[in-house]
Structure formats: structure tokens, C-alpha cells
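Understanding the architecture of this molecule
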Amino acid sequence: MQGIIFSAYDYTLCQQRYTNEFYKYLDNLKKSEWFNKDDIYNYKNKKFLEIINFAYATVPFYKKFYNENGVKIDKITSLKDIKELPIVSKEMVRQNNLDFLSNHYKKSNLLKKFTSGTSGIPLEIFSTKKGNSFLFALAWRHKARFGIKFKDRRLTCGGRISKAYDPRRLVIANSFFANRSYINGCDINNFNIGEILDFLNKNYYDFYEGYPSVIDWLSQLLDKNDLKLLNRPKLIVSGSEQTSEQQKERWLKTFGARNTEHYANAEFAGSLSKCEYGNFHEDFECGHLETIESEDSEIKNLILTGWGNPAMPFIRYE
């Protein structure tokens, strides 16, 4: 029964994410990642000018915000002028949420989701269906660099906690549509680790994905109890939280698999993913990344300008 319910939920997500546009986006993204420096700049320059003019014409917040700050949109003629635009904070989005929506779209036709809330109160985000498909095409472009295919089996390590949480009751949900299983971080404990290992040794997964903290907790418990994983994945894909070098070393020992990282956000304002050589790359097809100094001299804040989701664009968003 649980499998049927989870599969129905996953089916809904798949319908939203993996549209006909998804496959077109994925094909195009596999080509554009080989653009040279000039091609990348020209692409970004074109998209930047399109999104700021579109936002000024159709998004109430930007019309008012830019006018109040003396921005002359017709004077913004290239990406090099981006610093002429004022920075947008999360608090501004929270206080003016619906004013960030473009009047070019009907709200009833948009998808609604929320940010994770790790940096404060979750934000309500609206996106087009095409934008949502584009976001997931970027994620799968990243996996394809490591030989992972769309139909490969995966284990998702999530962090959702049920109100009916019982530490002695293991719940591993299986989806018949997305070819994946889902395990909660709260279910990975000393009571269940033997049963989890038995499950993993009976079911092969091409890759694991999810929160580094959850994946690492599984790795630590296997090591602590001297338990051996027989069905080793090809790859571990982490995101949402920073992945440490210590975690990567532990996973290589426990799971026998290398790690790669992809970081994006529900706002779809920017995306970073690693290549086969372990270097981070800006996914320029969806946005532009800047950095500014923070109060901590060793840390810089990201300023994101996204053009992947025109229904609710984020321009110079901190």
C-alpha cells in the first residue's frame, strides 16, 4: 500500500518534471556545455538583457524597485552593466512575494513550491512547467557526465521526519515510476542498520543521491558495526548541504563510490555542478553568478541572476 501511495506521488512529480521539453532541454544542454568562452558570454549577455527587460515590463516589484533606485533600463546594454542594478534580498521577496510574479502568466497555470527553509522561513516560489523541466534537465546533465542514465536505479536519502516517527520501524518507500527508493534520515539508526544493509544487499542501485549528512550517517553506522555493503553504487550525488572531504573519503571506503556535487535552489536563480575532473562549473544556461564580500573575510556571498524561470525572476538576488 505504501509503495502504491509513494508511486502515485512520484508519478505526479514525474509528470511535472519530465515533460517533452525536458528531453529537448537535456539534449541541448549536453551540447551547450562545450561552448567556448565567447559563446558562453554571448549566450549569457542575450539572456540577461531579455530577462531584465521582461522583468521591468511585466513584474510589478522590479518596475517599482528600479524606478525608486534610479535605474534606467535603456542604459543597461550588456551583462557588464549588471552592477548598475540594486541587490534583492530574501526579505524583499518574502514581503513582496506576489509582486515578484510576472503578469505575463496566469498564477493558476504555474507550479507552486517552497524553498527548504535552511536559511530562514521558507519562501513560496512559483514557476512555469517549462522552467521546472529545465531545472531537472540541468540536474540530469550533471549526472550524465559520470555515465548515469535517466532510467538508472537510485536510492534517495532524504531528511523528512514523519509525525508518526518510530525509531524501531524502518520505512523504505519504493517508487514504480521513478525507479527509485526513498529512505528517511531518521530511520537510519542502530536499531535498523542491519535491516537496511540486508535491503541494500538484495537491491542494486546505480547511484545514491541526497543530503550529505544523511548519506554520511549511513556510512558511519555501517563502519561502526563492521557491516559490508555488497551491492556498491557507481556514484554518490550530493547537494543541498556542503559535502566535506572527510565525508567523501569515508564514502569511498564504505560504498566504494566516488562523489560528485550539484547545488541549485527552488528559486532557480543559479546552479553549480561538478565535472569529471572535480571542478565546479557555473551552469550558465540558467543564470549568472557574482560574489560580494561578507562580514566574514573568508566567506563571500553569492549574488544570483536567473533566467530559467521567467514567471518569477530573481535578478541580483543575494
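The eight strands lie next to each other as β4-β5-β3-β6-β7-β8-β9-β10, forming an open sheet whose pairing is mixed. The outermost strands of the open sheet, each flanked by one partner alone, are β4 (172-175) and β10 (280-282). Between one strand axis and the next, the sheet turns through 20 degrees on average, direction left out of account. As defined by bridge partners, β4 adjoins strand β5 (residues 180-184) across four bridges and the pair is classed as antiparallel. Residue Ala 173 lies in a different strand from β5, and its bridge partner there is Tyr 182. The strands that helix α6 (residues 129-144) touches are β3 (154-158), β6 (207-210), β7 (235-238), β8 (258-264) and β9 (271-274); relative to β8, the one it contacts most, it runs at about 160 degrees.

With that settled, the discussion passes to the side chain of Asn 45. For Asn 45, the location among the structural elements is in helix α3 (residues 37-58). The contact partners of Asn 45, leaving out residues within four places of it in the chain, are Ser 78 and Leu 79.

Applying the stated criterion across every chain, the model contains one cavity of 30 Å³ or more. In this model, the largest cavity occupies a volume close to 30 Å³. As for the largest cavity, its lining consists of Asp 10, Leu 13, Cys 14, Arg 17, Tyr 18, Arg 154, Ala 178 and Arg 180. If you tally residues by element for the lining of the largest cavity, the top one is helix α1 (residues 2-17), at four residues. For the lining of the largest cavity, the per-class residue count stands at four nonpolar, no polar and four charged.

Moving on, we get to the pattern of salt bridges. Applying the stated criterion across every chain yields a total of 19 salt bridges. When the shortest N-O distance is used, the salt bridge between Arg 141 and Glu 285 registers 3.0 Å. Here Arg 141 is found in helix α6, whereas its partner Glu 285 is found in the loop between β10 and β11 (287-293), with 144 residues between them in sequence. Here Arg 141 and Glu 285 have matching classes, each one buried.

By size, the foremost hydrophobic cluster in this structure holds 33 residues, and its most contacted members are Phe 48, Tyr 62, Tyr 66, Leu 85, Val 88, Val 93 and Met 312. Elements with a minimum of two residues in this core: α3, α4 (60-68) and β2 (124-127). A total of five residues in this core trace back to one element, the largest contributor, which is α3. If we skip the residues at most four places from it in the chain, Tyr 62 touches Ala 55, Tyr 56, Asn 67, Val 88, Phe 100, Pro 313, Phe 314 and Ile 315. Counting 23 residues, the second largest nonpolar core, distinct from the first, contains Leu 155, Ile 193, Val 214 and Ile 236.

With 22 residues, α3 ought to run about 32 Å at 1.5 Å a step, and its terminal C-alpha atoms sit 31 Å apart, in line with that. Burial in α3 covers these residues: Lys 44, Asn 45, Phe 48, Ile 51, Ile 52, Ala 55, Tyr 56 and Thr 58. Check the buried side of α3 and you find it contacts α4, β10, β11 and β12 (300-306). Measuring from the backbone nitrogen of Asp 38 back to the side-chain oxygen at the start of α3 gives 3.1 Å, which picks out Asn 36 as the cap.

To continue, consider unusual backbone geometry. Backbone geometry places Asp 226, a non-glycine residue, at a positive phi of 55 degrees. Checked against the element boundaries, Asp 226 lands in the loop between α8 (212-224) and β7. In this structure Asp 226 comes out as exposed when scored by relative accessible area, which is 57%. Positive phi outside glycine occurs at Ser 240, with the angle close to 70 degrees. Following the sequence through the fold, Ser 240 ends up in the loop between β7 and α9 (245-254).

Further remarks concern the pairing of strand β1 (residues 111-114). Taking every second residue as pointing to the same face, the buried face of β1 carries Leu 111 and Lys 113, while none of Lys 112 and Phe 114 on the other face is buried. The pairing of β1 with β2 spans four bridges and is antiparallel. The residue bridging Phe 114 from the neighbouring strand is Glu 124, located in β2.

Bringing the packing of helix α2 (residues 20-32) against α6 into the picture now. Contact geometry of α2 with α6 gives a least axis separation of 8 Å together with a crossing angle of 45 degrees. As summarised for this structure, α2 and α6 are arranged oblique, according to the angle between their axes. Crossing of α2 against α6: the hand is right-handed. Residues Glu 21, Phe 22, Tyr 25, Leu 26, Leu 29, Lys 30 and Ser 32 of α2 form the contact with α6, whose participating residues are Lys 130, Ser 133, Phe 134, Phe 136, Ala 137, Leu 138, Trp 140, Arg 141 and Ala 144. A class-by-class count of the residues in the contact of α2 with α6 yields ten nonpolar, two polar and four charged.

So, how was this worked out
Residues numbered from 1 in each chain as written. Predicted model: local features only at pLDDT ≥ 70, side-chain atom pairs only at ≥ 80, totals over all residues. Heavy atoms only, no water. Pairing = 2+ DSSP bridges. Helix = DSSP H or I, 4+ residues; strand = E, 2+ residues; numbered from the N terminus. Axes fitted to C-alpha atoms, helices over the stretch in contact; angles between N-to-C directions. Contact = heavy atoms within 4.5 Å. 1 Å grid on protein atoms, 1.4 Å probe; cavity = no way out; pocket = protein on both sides within 12 Å on 5 of 7 lines; lining within 4 Å. Points joined across faces, edges and corners; volume = space filled by probe spheres on them. Nonpolar A, V, L, I, M, F, W, Y, C, P; charged D, E, K, R; others polar. Salt bridge = Lys/Arg side-chain N within 4 Å of Asp/Glu carboxyl O. Buried < 20%, exposed > 50% of the residue type's maximum accessible area, 1.4 Å probe, protein only. Core = buried A, V, L, I, M, F, W, Y, C linked by side-chain atoms within 4.5 Å. Expected span 1.5 Å × (residues − 1). Polar contact = N/O pair within 3.5 Å; in protein donor to acceptor, adjacent residues only side chain to side chain. Parallel < 35°, antiparallel > 145°, perpendicular 65-115°, else oblique. Left-handed = near helix turned anticlockwise from the far one by under 90°.

Any functional reading would require information beyond the geometric quantities listed.
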